[in-house]
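Examination of the molecular architecture
Each chain, letter by letter, is given below.
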Amino acid sequence: MIVYYSNIKNLMQAGISEASSLPFKKRCASLLLQTDPDVCRKILACRNEKDRFRSLTAALLLLSAFRTLSGNPALTQLRYGYGPHGKPFSEDYPEYCFSVSHSGDYAICIADTQEAGIDIQEYRSADYHGITRRFYTPQEQNFVFLPDDAGKEERFYRIWACKEAFIKYTGNGISEGLTTFSTDPVRQLVLRNDQPVAALFEPLQLPGYSCAVCTALPAETSAAEIRELFPADFS
C-alpha cells in the first residue's frame, strides 16, 4: 500500500519549466504531458489556477505511485477507464487499485493491490448542525457533538473524510445514501446495522486537515508506505 501526498504550493512556486508569469498550460507543459489526455482536459478546464494545480498534483502523485508499484520508474503516463458509477481504474495496470483526493493546499493518493478509498478535507466554516442532521447517522452525530465543543470542527471533518473514503472504496458513489452506513474513527471501522463492513485509518496528521483511508477488513496498514513528494519527484 502506497500513500503519497504533496503540498500544491511547492509545485505552484517551483517555476517548473518556464517563468511563473506564463499561462498555466505553457508553464506546466512538460508535466501535463505525463497525464492521460482526458485528465489533462479536465485539469485545464478547472475554474482557477489553484484548482488546476490541485488536480495536476494529484495526477502526478498517482503516476509516481504506479511507478513504485509496477517497478517501472520510466512510466510516463497512465491511461484511465471508468466504472459504472464513475470510479476510475488503470487500463494499463488493472491489477492495481487507487484513489485520489485534494483539498486546500494538499493532494493525496493511495495505490494498492486491493480496493481502497482516500479522502482529505480542509477545515472550513460550515453549517455543522445542518449537515450532520442530513448526512450523518445518530452515532456519528453523537461523536461530533461531544461536550467538548472546542473539538467539534475536527470531529466533524474526521467523519466527513471517513464517509468520503468509504464511498470511494465501494465505488458506488453517494447513490447508496450517506446514512446507510456509519463511520467510527476511534474504532477505525465502517459499520452497517452495527456490523463492521470495512476498515479505516487516518494516515496523516496535518494541522487544519483530516485525512482517512478505507480498506477491506481486516486492515493491514503496517506495511503502508506514506511519503510526502516534492516537485523534483515528478520529473
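Numbering of residues begins from 1 in every chain and follows the order in which that chain's sequence is written. Predicted model: local features are reported for residues with pLDDT of at least 70 only, side-chain atom pairs are reported and counted for 80 or more only, and whole-chain, interface and lining totals are derived from all residues. The side-chain values count all of the structure's non-hydrogen atoms but skip hydrogen atoms and water molecules.

Moving on to the sheet that holds strand β8 (residues 189–192). Here a strand pair is declared whenever DSSP counts at least two bridges between the two strands. A run of H or I in DSSP becomes a helix once it reaches four residues, and a run of E becomes a strand once it reaches two; helices and strands are each numbered from the N terminus. Reading across the sheet, the 5 strands line up as β6-β10-β9-β8-β7 and stay open at both edges, with antiparallel pairing between neighbours. Because the sheet does not close on itself, it has two edges, and the strands there are β6 (116–122) and β7 (182–184). The sheet shows a mean angle of 30° between the axes of neighbouring strands, direction not considered. One ladder, built from 3 bridges, connects β7 with β8; its direction is antiparallel. Within the sheet, the bridge partner assigned to S182 lies in β8 and is L191. Helix α8 (residues 152–170) contacts β6, β7, β8, β9 (195–201) and β10 (209–215) of the sheet and is inclined by roughly 150° relative to β6. The angle between two axes is taken between their N-to-C directions and runs from 0 to 180 degrees, where each axis is a line fitted to C-alpha atoms and a helix contributes only its stretch in contact. Here, two residues are considered to be in contact whenever any of their heavy atoms come within 4.5 Å of each other.

One way to see where empty space is left: roll a probe the size of a water molecule over the atoms. Buriedness of a pocket was judged along seven lines, with at least five required to meet protein on both sides within 12 Å; pockets are open sets of points on a 1 Å grid over the protein atoms alone, cavities are sets where a 1.4 Å probe fits but cannot get out, and lining residues have an atom within 4 Å of a point. Grid points are joined across faces, edges and corners, and a volume is the space filled by probe spheres set on the points. In the structure shown here, the tally under the stated rule is 1 cavity of 30 Å³ or more. Reported here for the largest cavity is a volume of approximately 30 Å³. Residue lining of the largest cavity: Q34, T35, D36, A59, L63, L78 and Y80, and that is the complete set. Residue composition of the lining of the largest cavity, by class: 4 nonpolar, 2 polar and 1 charged. Three classes are used: nonpolar for Ala, Val, Leu, Ile, Met, Phe, Trp, Tyr, Cys and Pro, charged for Asp, Glu, Lys and Arg, and polar for all others, with Gly counted as polar.

A few words on the sheet that holds strand β4 (residues 97–103). Judged by pairing direction, the sheet is mixed, and its 4 strands sit side by side in the order β4-β5-β1-β11 without closing on themselves. The outermost strands of the open sheet, each flanked by one partner alone, are β4 and β11 (225–228). Going from strand to strand, the sheet's axes swing by 10° on average, the running direction of each strand aside. Here strand β1 (residues 2–7) pairs with β11 via 4 bridges, running parallel. Bridge pairing in β11 links Y5 to E228. Here helix α5 (residues 49–70) sits on the sheet and contacts β1, β4, β5 (106–112) and β11; the angle it forms with β5, its principal contact strand, is near 30°.

Once that is clear, we can look at the environment of L44. With respect to the secondary-structure elements, L44 resides in helix α4 (residues 37–44). With a relative accessible area of 29%, L44 lands in the partly exposed category. A C-alpha to C-alpha distance of 19 Å links L44 and N7, two positions 37 residues apart in sequence. Apart from the residues lying within four places of it in its own chain, the contact partners of L44 are F24, K25, L32 and R52. Partly exposed describes any residue whose relative accessible area lies between the buried limit of under 20% and the exposed limit of over 50%, with all areas from a 1.4 Å probe on protein chains only and scaled to the type maximum.

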